[in-house]
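# Results of the structural survey
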Amino acid sequence: MAKPVVLIAEELSPATVEALGPDFDIRSVDGTDRPALLAALGEADAILIRSATRMDAEAIGAGVHLKVIARAGVGLDNVDIPAATEAGVMVVNAPTSNIISAAELTIGHILSLARRIPAAHASLTAGQWKRSAYTGVELYEKTVGIIGLGRIGALIAARLQAFGVDVVAYDPYVTAARAQQLGVRLLSLDELLAQSDFVTIHMPKTPETTGMIGAAQLAAMKPTAYVVNVARGGLIDEAALAAALHAGTIAGAGIDVFTSEPPTDDALTSAPNIVVTPHLGASTDEAQEKAGISVARSVKLALEGELVPDAVNVAGGAIDPTVRPGIPLMEKLGQIFAGLADDPIATIDVEVRGEIAELEVGVLKLAALKGVFTRVAEQVSYVNAPLLAEQRGIQVRLITDPASEEYRNLLTLRGTTSSGASISVSGTLTGPKQVQKIVEINGFDLELPMPRHLLVMIYTDRPGIVAVYGKAFGDANINIAGMQIARQTEGGLALSVLTIDSPAPEDLLERVRVEIDAVALRPIEVVEE
């Protein structure tokens, strides 16, 4: 029987090939040679790439036997994930391979800015000796602000402690208890910018975070402050940063990542008070080797039919057929659970009740966490979702019980926020088509097909409320596709859950909130993976 073909499209460490083992036919191709790549993909079961090989819909279509695309690194900008998913091709990466390298490069940028090392080096190699021209500042007793206290942010916080600095952070998803463990004070973004001598950003790139440091934020910083971005290009508005540097609004910047790479506009890179590097966050021998070994192991698992925990688009692996339909349901319940939280989540209980509770259901816990963090991290997978919970100090438990009174199987997420508020959501699968339904929210019983756009309202039960919000949405030309109302006691709190055909604008929601005197009003979008 022929061995599965594993195609290596870019230079990888010998340890990567060793990790694959002897059970595969390993072939090489230049991933940047498009005709050669497309031809080689015709026989490949898996392909290992870095950043230069473009795996778009055309390349994926050429891989008629392709089962796995493995990116030896973190970013997946060069992989068309929707096209891979549609073709049934698993996409894996190495989400933790470069975190130490990126943290150390950040510290390097901070030190380079503080002591003006690159400019002093350039001056001396040009034959000049200008000691007084390159007077710097000490880090000792300065304030360093970390925007984003995830894996890399936490590593930076730990390393900065040795410099005797005051470390502050902004991260809306981190609890005060977790920040205290890291020796960090949590601040609002505005407070952090105003107080920090150095600001370093470590957020995922999402529509909400793109350009989050713009002209207004730069103007709020001290004129003696520095900003560093070793995370993702576009988190800082490059035009605004260039203007601030040339005007002297801030003291300097250290930038490793750019909106367009290589950068085409020299307004930013030509600023006299900037230190730039060509996207070197993962460019260490150790990070490259870790990435190669990690994805090689994933490829091996996938081609052997085992569970691949770091697949970014499919669950994959040997999961009981009875459990498998619960995976997408649990991910959506996780999204709703996160959407119900007004404050950072402190605890999560993943409850599995019914017949499937006697099977191996650990993947449902991973699916729940993946759903909870869908909008928190740029790429959430079954391997990094537990890490995201751990980094945020969230206590997670899996609870199973073969007894389920009302449903054959019942999946529930139950937990608390940092303020002590309790939240919960339950779902089940019904009928031969395994239709996904929501059957409980925050203790209110209901039965609602899983929607795309969901609106959860809690208010004091009284006549006329439905007419108020029904008219408001009708006047705004937003169609209510479904509605469930539940209450626990007459005249007590009532829960209305609406499914609407399109998102409702914030000003409309605020008007409805005021008119019905809502205790809570939460719009939630449930996305398909």
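Everything here concerns the structure above.
### Describing the overall build of the protein
- In terms of helices and strands, the protein carries 18 helices and 22 strands.
- By the compact-globule yardstick of 24 Å for 529 residues, the protein fits well, its C-alpha radius of gyration being 26 Å.
- Taken over 529 residues, the protein has a buried fraction of 50%.
- Residue pairs in contact within the protein that sit at least 24 positions apart in sequence constitute 62% of those at least 6 positions apart.
- Surface exposure of the protein reaches about 23,600 Å², of which carbon and sulfur atoms provide 52%.
- Between the mean site of the 41 positive side-chain charges and the mean site of the 64 negative ones, the protein shows a separation of 3 Å.

### What to know about the side chain of threonine 374
- As for its placement among the helices and strands, threonine 374 is situated in the loop between α15 (362–372) and α16 (384–391).
- Of the polar contacts made by the side chain of threonine 374, one reaches the backbone oxygen of lysine 370; its length is 3.0 Å.
- A distance of 3.1 Å separates the side chain of threonine 374 from the backbone oxygen of glycine 371, its partner in a polar contact.

### Some remarks on the pattern of salt bridges
- Tallied over the entire structure, the rule returns 23 salt bridges.
- Notably, a salt bridge pairs glutamate 331 with lysine 370, separated by 3.5 Å at the nearest N-O pair. Of this pair, glutamate 331 sits in helix α14 (residues 326–340) while lysine 370 sits in helix α15, and the two are 39 residues apart along the sequence. Neither glutamate 331 nor lysine 370 differs from the other in exposure class; each is buried.
- Between arginine 522 and aspartate 342 there is a salt bridge whose closest N-O contact spans 2.7 Å. One end of the pair, arginine 522, is in strand β22 (residues 520–525); the other, aspartate 342, is in the loop between α14 and β13 (345–354), with 180 residues separating them in the sequence.
- With relative accessibility at 23%, the residue arginine 522 sits in the partly exposed group.
- Accessibility expressed as a relative area gives 56% for aspartate 342, which makes it exposed.
- Linked by salt bridges that have partners in common, Arg34, Arg54, Asp56 and Glu58 make up one network.

### A look at the nonpolar core
- Counting residues in hydrophobic clusters, the biggest one holds 50 residues, and the most contacted among them are Met330 and Leu364.
- Ranked by residues supplied to this core, first place goes to α14 with 7 residues.
- If we ignore the near neighbours within four places in the chain, the residues touching methionine 330 are Val350, Glu351, Val352, Leu364, Ala367, Ala368, Leu411 and Leu413.
- Ranked by size, the runner-up nonpolar core spans 30 residues in total, among them Ile147, Leu193, Met212 and Ala244.

### Some remarks on the sheet that holds strand β15 (residues 409–417)
- With mixed pairing, the 6 strands of this open sheet are ordered in space as β14-β13-β15-β16-β17-β18. At either end of the open sheet lies a strand with only one pairing partner, and these are β14 (395–401) and β18 (444–449). Put simply, the sheet's adjacent strands are angled 20 degrees from each other on average, direction ignored.
- Pairing analysis gives 9 bridges linking β13 to β15, with the strands arranged antiparallel. Paired with valine 352 across the strands is leucine 411, a residue of β15.
- Helix-sheet contacts for α14 involve β13, β15, β16 (422–430) and β17 (435–441), and the interaxial angle to β16 is about 155 degrees.
- Against the sheet, α15 engages β13, β14 and β15, with an angle of about 140 degrees to β13.

### Details of unusual backbone geometry
- Across the junction of glutamate 261 and proline 262, the peptide omega takes the value -5 degrees, indicating a cis bond.
- Following the sequence through the fold, proline 262 ends up in the loop between β11 (252–255) and α12 (266–269).
- The backbone of histidine 279 shows a phi angle near 55 degrees, a positive value even though the residue is not glycine.
- Here histidine 279 lies in the loop between β12 (274–276) and α13 (285–303).
- Non-glycine residue aspartate 517 carries a positive phi angle of around 50 degrees.
- For aspartate 517, a relative accessible area of 57% gives the class exposed.

### Let's talk about the environment of aspartate 310
- In this fold, aspartate 310 is placed in the loop between α13 and α14.
- When the C-alpha atoms of aspartate 310 and valine 380 are compared, they prove to be 8.9 Å apart, with 70 residues separating the residues in sequence.

### Describing the side chain of threonine 200
- With respect to the element layout, threonine 200 can be found in strand β9 (residues 198–201).
- If near-sequence neighbours (up to four positions away) are discounted, threonine 200 is found in contact with Thr106, Gly145, Ile146, Ile147 and Val228.

Thresholds applied
Residues numbered from 1 in each chain as written. Predicted model: local features only at pLDDT ≥ 70, side-chain atom pairs only at ≥ 80, totals over all residues. Heavy atoms only, no water. Helix = DSSP H or I, 4+ residues; strand = E, 2+ residues; numbered from the N terminus. Rg over C-alpha atoms; globule rule 2.2 N^0.38 Å. Buried < 20%, exposed > 50% of the residue type's maximum accessible area, 1.4 Å probe, protein only. Contact = heavy atoms within 4.5 Å. Areas by Shrake-Rupley, 256 points an atom, 1.4 Å probe, with all protein chains shown as cover. Lys, Arg positive; Asp, Glu negative; His and termini not counted. Charge placed at Lys NZ, Arg CZ, Asp CG, Glu CD. Polar contact = N/O pair within 3.5 Å; in protein donor to acceptor, adjacent residues only side chain to side chain. Salt bridge = Lys/Arg side-chain N within 4 Å of Asp/Glu carboxyl O. Core = buried A, V, L, I, M, F, W, Y, C linked by side-chain atoms within 4.5 Å. Pairing = 2+ DSSP bridges. Axes fitted to C-alpha atoms, helices over the stretch in contact; angles between N-to-C directions.

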